[in-house]
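# Fold and geometry: a report
One-letter residues, chain by chain:
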Amino acid sequence: MSEAIAEVPARGGNIVVTPPAEPERKGLTKKELAADHPTWCPGCGDFSVLALYFKLIEKRKLHHEKITTVAGIGCSSRFPYFVQAHGAHYIHGRALPFASGISLSRPDLHVFVFGGDGDAFSIGGNHFNHTARKNIKLTYVVMDNWVYGLTKKQTSPTSPLGFKSKTDTWGAVDHPINPMKQAISAGATFVARTTHTNPNHVLQMMEAAMDHDGFSFVECLSECVEFYEGAFDASNPRKGGVFNAVPAGHDVTDELAAYKLSGEPFPGYFGVFYKASKATKNAKEAEINKGAMEKSKGLKDWQILQKSFDRMK
Ligand SMILES: Cc1ncc(C[n+]2csc(CCOP(=O)(O)OP(=O)(O)O)c2C)c(N)n1
Ligand code: SF4
Ligand SMILES: [Mg+2]
């Protein structure tokens, strides 16, 4: 243990004790972060998102005790298995409520949630809407491949009309949801779109999302090469498509402009569509807790309990 240094003032006064400076801690490397060998199919877009998550942790010098990685169920949701850090591979569609609990009880952590389009918008659809409206501080990256990959090709809520799958052998007849529109209208305070084929952009979006104080949502197109090959070619310049960045003049605080941008036909735009500054549930609850702590200051647990019973009489 290192010793504190006592500085004796020249002419009386209080003695100031200066703690020794902490040596700067080394950031984690990809080697230290990579866990099990990912079991995704060779060429799956999810590899790219994982590599960029490692890059983000490295770049921002985040340490194990300050990050948590949560997911539901699906190919994309296997994500936490492959990260050597605290986290949970949770129940299908229930990653957000679990992560909300972590965020509210541990506001000092960076809470990252990863998952697929089915996990986010089918079984987890309501949780998505409610987490967004509550503006809980966490980052949610949906790896959208327009299909259920893990269960081998069923129609997902983002599959386009006409997509032939095991559940729609004649082609999908239901209109797909638009994740960006849904996030904006549900009340998300940071909404961005990216694609696994543009690594620098994925990193940029995840970093901006992480720095946002509130619920930050990133839709990341991530190709399922096994069950929906070529789905995103129109957005990939290497496959003859176009990658359109959000126009420079776009006002990210303008909700209607963001909504309009979301309605552009595929491949649409990539970048931050919307960003608003609103109080988080974390901040509001911290305020309530502070008041409650002050009221019960000096009381023993049984006395607080007694007071609650008395109020019920
Ligand atoms: C309660 C429940 N219902 C259904 C399933 C089956 N199931 C597992 S993953 C999945 C969909 C996965 O699709 P998506 O979230 O898009 O992830 P992907 O595999 O495409 O990355 C389904 C329906 C399940 N595991 N649990
Ligand atoms: S089935 Fe599709 S989503 Fe799942 S690992 Fe393979 S390529 Fe990726
Ligand atoms: Mg999917």
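See the structure shown above.
It should be emphasised that the depicted structure is a prediction, and the values quoted were computed from it without experimental measurement.

A word on the site of ligand 2. Near ligand 2, the surroundings consist of W40, C41, C44, C75, N145, G149, C224, V225, E226 and F227. When atoms are counted within 2 Å of each cavity's grid points, the one that captures over half of ligand 2 is the second largest pocket.

With 14 residues, helix 2 (residues 46-59) ought to run about 20 Å at 1.5 Å a step, and its terminal C-alpha atoms sit 20 Å apart, in line with that. Among the residues of helix 2, D46, S48, V49, L50, L52, Y53, F54, L56 and I57 are the ones counted as buried. For helix 2, the elements touching its buried residues are helix 1 (30-33), strand 3 (67-71), strand 5 (110-116), strand 6 (138-144), helix 7 (199-211) and strand 10 (215-221). One or two positions beyond helix 2, positive phi appears at K61, with a value near 50 degrees.

Here we come to the pattern of salt bridges. Oppositely charged side chains are able to pair whenever their charged atoms sit close together. In this structure the tally under the stated criterion is 10 salt bridges. Close ionic contact of E207 with R60 constitutes a salt bridge, the shortest N to O distance being 3.1 Å. Of the two residues, E207 is situated in helix 7 and R60 in the loop between helix 2 and strand 3; the sequence distance between them amounts to 147 residues. Among the ionic pairs, K313 bridges to D310, the shortest N-O distance being 3.1 Å. Judged by its relative accessible area of 79%, K313 falls in the exposed class.

As a further point, take helix 3 (residues 95-105). All of the buried residues in helix 3 are A95, L96, A99, S100, I102 and S103. Buried residues of helix 3 fall within an arc of 165 degrees about the axis and therefore sit on the same side. Buried positions along helix 3 lie against strand 3, strand 5, helix 5 (125-134), strand 6, strand 10 and helix 9 (281-295).

Our next topic: the site of ligand 1. Around ligand 1, 16 residues are found, and the nearest of them are C75, S76, G118, D119 and G149. With respect to ligand 1, the backbone of C75 contributes an N or O atom lying 2.8 Å from an oxygen atom. Separating an oxygen atom of ligand 1 from a backbone N or O atom of D119 is a distance of 2.7 Å. Contact with the protein chains hides 73% of the accessible area of ligand 1, taken as 600 Å² for the molecule alone.

The next subject is the pairing of strand 10. Most of strand 10 is tucked away: 7 of the 7 residues are buried. In this structure, strand 9 (residues 190-195) lies alongside strand 10, joined through 6 bridges in parallel fashion. Its bridge partner lying in strand 10, A192 is registered against V218.

Bringing the side chain of S100 into the picture now. Looking at where S100 falls in the secondary structure, it is placed in helix 3. The class of S100 is buried, set by a relative accessible area of 8%. Separated by 2.7 Å, the side chain of S100 and the backbone oxygen of L96 make a polar contact. With near-sequence residues (within four places) excluded, S100 lies in contact with T131, I136 and L138.

Moving on, we come to the packing of aromatic side chains. For the coordinates displayed, the defined rule picks out 21 aromatic pairs. Ring centres 6.4 Å apart and planes at 55 degrees place the aromatic pair Y140 and F217 in the tilted group. Here the residue Y140 occupies a position in strand 6, and F217 occupies one in strand 10, the gap between them amounting to 77 residues. In this structure Y140 comes out as buried when scored by relative accessible area, which is 2%. According to the relative accessible area criterion, F217 is buried, its value standing at 0%.

Within a regular strand, side chains alternate between the sheet's two faces. The element strand 5 is extensively covered by neighbouring structure, given that 6 of its 7 residues are classed as buried. As defined by bridge partners, strand 3 adjoins strand 5 across 5 bridges and the pair is classed as parallel. Following the sheet pairing, V70 is matched in strand 5 by V113. Examined bridge by bridge, strand 5 and strand 6 share 5 bridges and lie parallel to one another. Each residue of the ladder has a partner; that of G116, found in strand 6, is M143.

Among the nonpolar cores identified, the biggest contains 31 residues, and Y53, F79, F112, F114 and M206 are the most heavily contacted of them. Residue assignment for this core shows that the elements contributing at least two residues are helix 2, strand 5, strand 6, strand 9, helix 7 and strand 10. At 7 residues, the largest contribution of residues to this core is made by helix 2. In this structure, M206 is in contact with V49, L52, Y53, L56, F114 and V141, ignoring residues within four places of it in sequence. Core analysis: the second largest hydrophobic core is formed by 30 residues, L96, F128, I136 and F217 among them.

Procedures and definitions
Residues numbered from 1 in each chain as written. Chains lettered and ligands numbered in written order. Predicted model: local features only at pLDDT ≥ 70, side-chain atom pairs only at ≥ 80, totals over all residues. Heavy atoms only, no water. Near = heavy atom within 4 Å. 1 Å grid on protein atoms, 1.4 Å probe; cavity = no way out; pocket = protein on both sides within 12 Å on 5 of 7 lines; lining within 4 Å. Sits in = over half its atoms within 2 Å of the grid points. Helix = DSSP H or I, 4+ residues; strand = E, 2+ residues; numbered from the N terminus. Expected span 1.5 Å × (residues − 1). Buried < 20%, exposed > 50% of the residue type's maximum accessible area, 1.4 Å probe, protein only. Contact = heavy atoms within 4.5 Å. Salt bridge = Lys/Arg side-chain N within 4 Å of Asp/Glu carboxyl O. Arc of directions from axis to C-beta. Polar contact = N/O pair within 3.5 Å; in protein donor to acceptor, adjacent residues only side chain to side chain. Areas by Shrake-Rupley, 256 points an atom, 1.4 Å probe, with all protein chains shown as cover. Pairing = 2+ DSSP bridges. Phe/Tyr/Trp six-rings, centres within 6.5 Å; stacked < 30°, edge-to-face > 60°. Core = buried A, V, L, I, M, F, W, Y, C linked by side-chain atoms within 4.5 Å.

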